[in-house]
Amino acid sequence: MRFFLLALVFALLSSAGASAREQLNLHLAFSSRTPLYGTLATRLVAEVAERSGGRLRLRPHEPGAMVPRFGYLDAVAQGAVDAAWGTPAVLSGRAPEAALFTGVPFGLDPAAHLSWVRDGAGRALYDSLYGRFGVIGLPCASVGPDGLAWLQAPLDEAAPFRGLRVRAFGLPARILDALGAGSAIGFGADLVVGLGTGAFDAAEASVPAADVAFGLHKVAPVYLYPSPIQPTTLLDLVINGERWTRLSADARATLVAACGATAEFAVTANLEMDAIALRSIVEAGVAVSAPSDATVDKLRAAWREVRDQQQSESASFAAVIRAYPLDGN
């Protein structure tokens, strides 16, 4: 009888310990090996485990393992996936203002943009956007700036990007198209193949550290950096709304704190990794320069055109622009 009671107590304690442990399957929109975009997700996973003492764990899954790379929002909203690491711009086709939370052309730098989304006037709008899809969003880091373009030949400053096939995404794609480019989507190794084979004439890709990891400096002899139309890229954690409410208060607090710690780490990591990458690009013999004043002026005019058209078509887009401290004027 005594043995039975001891066994029962042990079983109850083990059950309580197991129930106190929570795990979220985490889809990654960026490979865990991709500098900053993916490595910061790995940092977040470690922060969560450490801060919770192992009671809460994020189990990361590489792009495509559970759902398509950028097709995760519906899976998270429906509960097929607990959470995802990505960027708000993946929702641009369904909610145009989503791209503004990723980054605003001619807008704030990474730290200031993150502060606006996480702690400032952008937070209520950000929460409203994700709330419409049944998910909770946590801004976790902001990196940048991107490079403006990897090119096979210098730009024609009288008509920059006109007639070029350019890999671009989100608002930068809209802006370059307004200048006469033909934009297309590609990522990672696809860009290297595209530029190397001539499928793309240019690529507006990502931050220098990620671009070097992909090998773009080996296939494009000209690099324009930094990009005024993608001064930052917000990275965030989205969680199924019902799953979020079922998490303990401690688990929710851990996720918020882990995102904050990841954001702080990202500030230094972004500067250091991009500085190293830029040296590698120069050492590879790539001609690196900032875009000319003439090119920047044309990009600004194209952004105003895109912005004004989008504001006239979307009240939500207009509301975010009104709340943003800088909008390219």
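Just so it is clear, the model here is predicted, and its values are computed rather than measured.

Q: Lay out the sheet that holds strand 10 (residues 233-240) in plain terms, naming residues and giving numbers.
A: Strands belonging to one sheet form pairs held by backbone hydrogen bonds; the direction of such a pair is parallel or antiparallel. Taken together, the 5 strands give an open sheet; going across it, the order is 2-1-3-10-4, and neighbouring strands pair in mixed fashion. If you trace the sheet from one side to the other, it starts and ends with strand 2 (56-61) and strand 4 (135-143), each paired once. When strand polarity is set aside, the average angle formed by the axes of neighbouring strands in this sheet is 25°. Here 3 bridges tie strand 1 (residues 22-28) to strand 3 (residues 83-86), and the two strands are oriented parallel to one another. Considered in strand 3, the bridge of histidine 27 is made with alanine 84.

Q: Residues and numbers for the packing of helix 5 (residues 110-119) against helix 6 (residues 122-131), please.
A: Where helix 5 meets helix 6, the axes come as close as 5 Å, and the angle between the chain directions of the two elements is 65°. The angle between helix 5 and helix 6 falls in the class roughly perpendicular. Along the contact surface, helix 5 presents Trp116, Val117 and Arg118, while helix 6 presents Gly122, Arg123 and Tyr126. For the contact of helix 5 with helix 6, a count of residues per class yields 3 nonpolar, 1 polar and 2 charged.

Q: An account of the side chain of histidine 27 is needed here, citing residue identities and associated values.
A: In this fold, histidine 27 is placed in strand 1. Polar side-chain contacts of histidine 27 include one of 2.9 Å to the backbone oxygen of arginine 69. For histidine 27, the contacting residues outside a window of four places in its chain are His61, Pro63, Gly64, Met66, Val67, Pro68, Arg69, Tyr72, Val81, Ala83, Ala84 and Trp85.

Q: Outline the sheet that holds strand 7 (residues 182-184), listing residues and values.
A: Judged by pairing direction, the sheet is mixed, and its 6 strands sit side by side in the order 7-6-8-5-9-11 without closing on themselves. In the strand order of this sheet, the two ends are held by strand 7 and strand 11 (287-289), each with one partner. Where strand 6 (residues 165-167) meets strand 7, 3 bridges bridge the pair, whose relative direction is parallel. Residue pairing across strands places arginine 165 opposite glycine 182, the latter belonging to strand 7.

Q: Just give me the short version of the packing of helix 2 (residues 39-51) against helix 11 (residues 249-283), but keep the residues and values in it.
A: The contact between helix 2 and helix 11 brings their axes to 9 Å, and the two run at 135°. With respect to their mutual orientation, helix 2 and helix 11 come out oblique. At the point where helix 2 passes helix 11, the crossing takes the right-handed sense. Residue-level contacts link Leu40, Arg43, Leu44, Glu47, Val48 and Arg51 of helix 2 to Thr254, Leu255, Ala257, Ala258, Cys259, Ala261, Thr262, Phe265 and Ala266 of helix 11. Split by residue class, the contact of helix 2 with helix 11 holds 10 nonpolar, 2 polar and 3 charged.

Q: Help me get a handle on the side chain of threonine 232, residues and values and all.
A: Looking at where threonine 232 falls in the secondary structure, it is placed in the loop between strand 9 (222-224) and strand 10. Under the relative-accessibility criterion, threonine 232 is labelled buried at 0%. Of note is the side chain of threonine 232, whose polar atom sits 2.5 Å from the side chain of serine 142. Engagement of the side chain of threonine 232 in a polar contact is seen with the backbone oxygen of valine 143, the distance being 3.3 Å. Ignoring anything within four residues of it in the chain, the contact list for threonine 232 reads Thr102, Gly103, Leu108, Asp109, Pro110, His113, Ser142, Val143 and Gly144.

Q: Please set out helix 6 residue by residue, giving values where relevant.
A: Those residues of helix 6 not exposed but buried are Gly122, Tyr126, Leu129 and Tyr130. Projected down its long axis, helix 6 carries its buried residues within an arc of 90°, all on one side.

Q: So what about the pairing of strand 4? Which residues, and what values?
A: Regular strands show a simple pattern: their side chains alternate between the two faces of the sheet. Burial analysis of strand 4 places 8 of its 9 residues in the buried class, which makes it a mostly covered element. The sheet contact formed by strand 4 and strand 10 spans 8 bridges and is antiparallel. Within strand 10, the residue paired with valine 143 across the bridge is threonine 233.

Q: Before we move on, can you summarise the pairing of strand 3 with the specific residues and values?
A: Neither face of strand 3 is left uncovered, since the one carrying Ala83 and Trp85 and the one carrying Ala84 and Gly86 both have all their residues buried. Pairing analysis gives 4 bridges linking strand 3 to strand 10, with the strands arranged antiparallel. Within strand 10, the residue paired with alanine 83 across the bridge is isoleucine 239.

Q: With reference to specific residues and values, describe the nonpolar core.
A: Ranked by size, the top nonpolar core spans 104 residues in total, and within it Trp85, Phe161, Leu237, Leu255 and Trp303 carry the most contacts. Here this core takes 9 residues from helix 11, the largest share from any one element.

Definitions and limits used
- Residues numbered from 1 in each chain as written.
- Predicted model: local features only at pLDDT ≥ 70, side-chain atom pairs only at ≥ 80, totals over all residues.
- Heavy atoms only, no water.
- Pairing = 2+ DSSP bridges.
- Helix = DSSP H or I, 4+ residues; strand = E, 2+ residues; numbered from the N terminus.
- Axes fitted to C-alpha atoms, helices over the stretch in contact; angles between N-to-C directions.
- Parallel < 35°, antiparallel > 145°, perpendicular 65-115°, else oblique.
- Contact = heavy atoms within 4.5 Å.
- Nonpolar A, V, L, I, M, F, W, Y, C, P; charged D, E, K, R; others polar.
- Polar contact = N/O pair within 3.5 Å; in protein donor to acceptor, adjacent residues only side chain to side chain.
- Left-handed = near helix turned anticlockwise from the far one by under 90°.
- Buried < 20%, exposed > 50% of the residue type's maximum accessible area, 1.4 Å probe, protein only.
- Arc of directions from axis to C-beta.
- Core = buried A, V, L, I, M, F, W, Y, C linked by side-chain atoms within 4.5 Å.

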